[in-house]
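# What the coordinates show
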Amino acid sequence: MHFRIVSPSACVDIEKIELAQNLLERLGHQVSLAEHVFAQYRYLAGTVEQRIADLKKACLDPNVDAIWCARGGTGAAELVPYLADWILNKPVVGYSDSTVLLNYVAMHGGQALHGPVFQEIAVKNLDNEPLSYDALKVISLVATDSNKINHYPLCGFNVFTQHHDLANLKTVGGNLTVLSTLQGTSNALQLTQPSILLLEDVGEPYYRLERCFVQLLQSIDTTQLKAVVLGDFYQCPQKNVPHSIAEIFSEHLQSLDIPLYQCDWFGHGEYNRPFWIGASASIQDSQLII
């Protein structure tokens, strides 16, 4: 596999990128770095012109198999006005701020893989396991087939999940804060068919998360929202709030009769198991099947 590493968002950690590149190449894969992958412009990985040029060049390169976002952070939304069908040429891998690109790719029929960003995948000082399990799953999914069936465990939270199997759903979602900032723009999340919404976040206090969730619910067609899955809300300060994130979100789903599930296998925490956004999915026997 030939992976092209691009930096569409914040500036990256050079050491981590080079370590990940070295480890992936030791496994027999080709890794090429975009021209401006180490660029810095304020807190961004280069200017808009540099970042969009790298992304477009990678997508149009016939020798590249997949695009792997180097880091999240902020900045990907600045690229949306310059995106076109060329970004649908390759699978795009990332999460966090890369939710912007994944959302665009999925809505336009491309392959969007929600998974760890490139600078996160290296595991130092582990000769037997040079890359994280989640990184190896990214490679496996990209290298095989985006239609391969994968099973992900879920834990039902509200009463609507009881004896409630769902089929023929479309997976949507990503970082909650990023998704909420897209609403009202040309790249806003739109539910045009029965969907399951997967959400995660990092470092946001509970009141901001609730505000973002309410904004999201009020700006989409909730009649098409058939389930919500909460991943890891990593280091989100609860402070003196007496309710959990799931309890807060459950209140807003109560009147909509929407099932709410929890899991710990994706997000900014220890685990970030990759899954395809925009793919067909179902929920059976407390498992998400994508």
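Look up a bit, the structure's there.
One structure accompanies this document, and this report is about it. (Residues numbered from 1 in each chain as written. Predicted model: local features only at pLDDT ≥ 70, side-chain atom pairs only at ≥ 80, totals over all residues. Heavy atoms only, no water.)

Let us look at the overall build of the protein chain. Tallying secondary structure elements over the protein chain gives seven helices and 14 strands in all. For 290 residues, the compact-globule estimate of 2.2 N^0.38 gives 19 Å, and the protein chain sits close to it at 18 Å. Of all 290 residues assigned to the protein chain, the portion counted as buried reaches 57%. For the protein chain, contacts bridging at least 24 residues in sequence account for 78% of all contacts bridging at least 6. Accessible area of the protein chain: about 12,700 Å², with a carbon and sulfur share of 45%. With 18 positive and 30 negative side-chain charges, the protein chain shows a spacing of 5 Å between the two charge centroids. (Helix = DSSP H or I, 4+ residues; strand = E, 2+ residues; numbered from the N terminus. Rg over C-alpha atoms; globule rule 2.2 N^0.38 Å. Buried < 20%, exposed > 50% of the residue type's maximum accessible area, 1.4 Å probe, protein only. Contact = heavy atoms within 4.5 Å. Areas by Shrake-Rupley, 256 points an atom, 1.4 Å probe, with all protein chains shown as cover. Lys, Arg positive; Asp, Glu negative; His and termini not counted. Charge placed at Lys NZ, Arg CZ, Asp CG, Glu CD.)

Turning to the nonpolar core, a few remarks are in order. Formed by 94 residues in total, the largest nonpolar core has its most connected members in Leu55, Trp68, Ile87, Leu199 and Leu288. Look past the residues within four positions of Leu55 in its chain and what remains in contact with it is Val6, Ile67, Leu79, Leu83, Trp86, Ile87 and Leu101. (Core = buried A, V, L, I, M, F, W, Y, C linked by side-chain atoms within 4.5 Å.)

On to the sheet that holds strand β4 (residues 92-94), then. On the basis of which strands lie adjacent, the open sheet formed by six strands has the order β2-β1-β3-β4-β5-β12 and mixed pairing. The sheet is open, and its two edges are formed by β2 (30-33) and β12 (275-277), each paired on a single side. Sheet twist, expressed as the average angle between the axes of neighbouring strands with direction ignored, equals 30 degrees. When strand β1 (residues 2-6) meets β2, the two strands line up parallel, connected through four bridges. If you follow Phe3 over to β2, its bridge partner there is Val31. Here helix α2 (residues 48-60) sits on the sheet in contact with β1 and β3 (66-69), set at roughly 170 degrees to β1. (Pairing = 2+ DSSP bridges. Axes fitted to C-alpha atoms, helices over the stretch in contact; angles between N-to-C directions.)

Taken in spatial order, the eight strands of this open sheet run β6-β14-β13-β8-β9-β10-β11-β7, and their pairing is mixed. Among the strands making up the open sheet, the edge pair consists of β6 (151-153) and β7 (155-156). In this structure, strand β13 (residues 280-284) lies alongside strand β14 (residues 287-289), joined through three bridges in antiparallel fashion. Across the sheet, residue Ile283 finds its bridge partner in β14, namely Leu288. Most of the contacts of helix α6 (residues 206-218) go to strand β9 (residues 195-202), to which it runs at about 155 degrees, and overall it touches β9 and β10 (225-234).

On inspection of all chains with the given rule, the structure shows eight aromatic pairs. Ring centres of Phe3 and Trp68 lie 5.3 Å apart, and the angle between their planes is 55 degrees; this geometry places the pair in the tilted category. In this pair, Phe3 is assigned in strand β1 and Trp68 in strand β3, connecting sequence segments 65 residues apart. With relative accessibility at 0%, the residue Phe3 sits in the buried group. A relative accessible area of 0% means that Trp68 is categorised as buried. Plain terms: the ring middles of Tyr152 and Trp265 are 4.6 Å apart, the flat faces sit at 35 degrees to each other, and that makes the pair tilted. Of the two residues, Tyr152 sits in strand β6 while Trp265 sits in strand β11 (residues 260-267), which places them 113 residues apart along the sequence. By relative accessible area, Tyr152 is classed as buried at 1%. Exposure remark for Trp265: the relative accessible area of 6% places this residue in the buried category. An aromatic cluster of three or more residues is present, and its members are Tyr152, Trp265, Phe266 and Phe275. (Phe/Tyr/Trp six-rings, centres within 6.5 Å; stacked < 30°, edge-to-face > 60°.)

Before going further, it helps to spend a moment on α6. Over its 13 residues, α6 extends 18 Å from the first C-alpha to the last, a length consistent with the 18 Å expected when each residue adds 1.5 Å. Listed in full, the buried residues belonging to α6 are Tyr206, Leu209, Cys212, Phe213, Leu216 and Leu217. Viewed along the axis of α6, the buried residues span an arc of 135 degrees, placing them on a single side of the element. Facing away from the buried side of α6 by more than 90 degrees, the exposed set consists of Tyr207, Arg211 and Gln218. Contact partners of the buried residues in α6: α5 (176-182), β9, β10 and α7 (245-254). (Expected span 1.5 Å × (residues − 1). Arc of directions from axis to C-beta.)

A word on the pairing of β1. Within β1, five of the five residues are buried, which leaves it mostly tucked inside the rest of the structure. Across the two faces of β1 the burial is the same, with His2, Arg4 and Val6 and Phe3 and Ile5 all buried. For the handedness criterion, the β-α-β arrangement of β1, helix α1 (residues 14-26) and β2 is classed as right-handed. Where β1 and β3 come together, four bridges link them in parallel fashion. (Right-handed = clockwise from strand over helix to strand, strands pointing away.)

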